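Letter by letter, the chains look like this.
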Amino acid sequence: MAEHNVLIRPVEPGDALGLARVQIDTWRDAYVGVLPDDTLLDLDEMRAAVRWTRVVGNLRSAEALAVAEAHGRAIGFCHGGPGRRTVAEAVDREGPVAEVYALYVDPSFQGLGIGRALLADVTRRLIAHGFESLALLTLAENRHGRRFYDHIGGAAGEPIPSVVVGSPADQVPYFWPDMERLVQRLDAPAA
């Protein structure tokens with residue numbers, strides 16, 4: 001990461017277009033053959049930027065949104081907060097669970113530890129809000145993402161039938177019962 005001078009920082013109001021670009025570029029790279037081509041081609045940066053502007057402007061106190069920046073532009077981000085009921089049910093938790101809603105790294109910057117750094121930053125901030133366990137959903141066919149979550153000790157659950165941008169797609173829940181341990185694992189040198 002040092003060779004690219006990557007900065008991990010809290011989101012700022014002007015980051016919405018950068019978040020939209022990273023999300024769309026990542027989807028178009030990771031979800032070819034998973035989601036319909038038309039769905040990927042129809043992704044619109046300006047519509048996504050409007051959505052991210054709303055998200056950034058309405059962050060709740062228990063949410064965290066971190067941005068990875070290099071060369072003056074967003075190259076990744078991670079967004080987390082209180083877990084949705086459906087996610088808590090998917091990982092069989094009755095108490096409060098934190099959830100990562102989004103973790104994206106620009107395809108040309110993947111494999112450099114940026115996702116680890118983003119996830120560690122957001123996880124630390126969620127721990128500070130009193131959360132002890134973490135969950136997320138990822139597309140069942142997201143092989144790259146699933147390898148990453150497996151590698152950092154996530155316990156995969158059973159696929160859940162879902163609809164993603166209007167298309168049916170199974171999602172797999174991942175769960176970490178101990179967020180402190182997850183941060184230790186993320187901070188350790190990648191093997």
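An account of the accompanying structure is given in this report. Positions within a chain are numbered from 1, following the residues in the order the chain's sequence is written. Since the coordinates come from a predicted model, pLDDT governs what is reported: local features require at least 70, and pairs of side-chain atoms require 80 or more to be given and counted, while whole-chain, interface and lining totals use all residues. Neither water nor hydrogens contribute to the side-chain values; these are computed over all heavy atoms in the structure.

Concerning the overall build of the chain
- Only runs of H or I of at least four residues qualify as helices and only runs of E of at least two qualify as strands under DSSP, and these elements are numbered from the N terminus. The helix and strand inventory of the chain stands at 7 helices and 8 strands.
- Between the two quantities, the radius of gyration covers C-alpha atoms and the globule rule is 2.2 Å times the number of residues to the power 0.38. Scaling as 2.2 N^0.38, a compact globule of 191 residues should have a C-alpha radius of gyration of about 16 Å, and the chain matches this with 16 Å.
- Seen through its C-alpha atoms, the chain measures out along the principal axes to roughly 40 × 40 × 35 Å.
- Here the chain holds 191 residues, and the buried ones make up 46% of them.
- Accessible area of the chain: about 9,900 Å², with a carbon and sulfur share of 50%. Each residue gets one of three labels from its accessible area relative to the maximum for its type: buried under 20%, exposed over 50%, partly exposed in between, using a 1.4 Å probe on protein chains only. Method for areas: the Shrake-Rupley scheme with a 1.4 Å probe, in which residue coverage is limited to the protein chains shown.

What about the pattern of salt bridges?
- For salt bridges, the criterion is a side-chain nitrogen of Lys or Arg within 4 Å of an Asp or Glu carboxyl oxygen. In the structure shown here, the tally under the stated rule is 9 salt bridges.
- The partner of Glu12 in a salt bridge is Arg9, and the shortest N-O contact between them spans 3.9 Å.
- Note on Glu12: relative accessible area 43%, which makes it partly exposed.
- Look at Arg9 and you get buried, because its relative accessible area is 10%.
- Connected via shared salt-bridge partners are Arg9, Glu12, Asp15 and Glu69.

Looking at unusual backbone geometry
- We note that His71 has phi near 55°; this positive angle belongs to a residue other than glycine.
- Mapping His71 onto the fold places it in the loop between β2 (64-70) and β3 (73-82).
- For His71, a relative accessible area of 60% corresponds to the exposed category.
- Even without glycine at this site, Val165 takes up a positive phi of about 50°.

A word on the packing of helix α5 (residues 114-128) against helix α7 (residues 179-187)
- Helix axes use the C-alpha atoms of the stretch in contact, all axes being lines fitted to C-alpha atoms, and the angles between their N-to-C directions lie in the range 0 to 180 degrees. Their axes nearest at 9 Å, the elements α5 and α7 cross at an angle of 155°. The angle between the axes of α5 and α7 places the two elements in the roughly antiparallel class. Note on packing geometry: the crossing formed by α5 with α7 is left-handed. Contacts between α5 and α7 involve Arg116, Leu119, Ala120, Thr123, Arg124, Leu126 and Ile127 from the first element and Met179, Glu180, Leu182, Val183, Arg185, Leu186 and Asp187 from the second. Orientation is classified from the angle alone, with under 35 degrees giving roughly parallel, over 145 giving roughly antiparallel, 65 to 115 giving roughly perpendicular, and any other angle giving oblique. The sense of a crossing depends on the near helix, which, turned anticlockwise from the far helix by less than a right angle, makes the crossing left-handed and, turned clockwise, makes it right-handed. Residue contacts are counted whenever heavy atoms from the two residues lie within 4.5 Å of one another.

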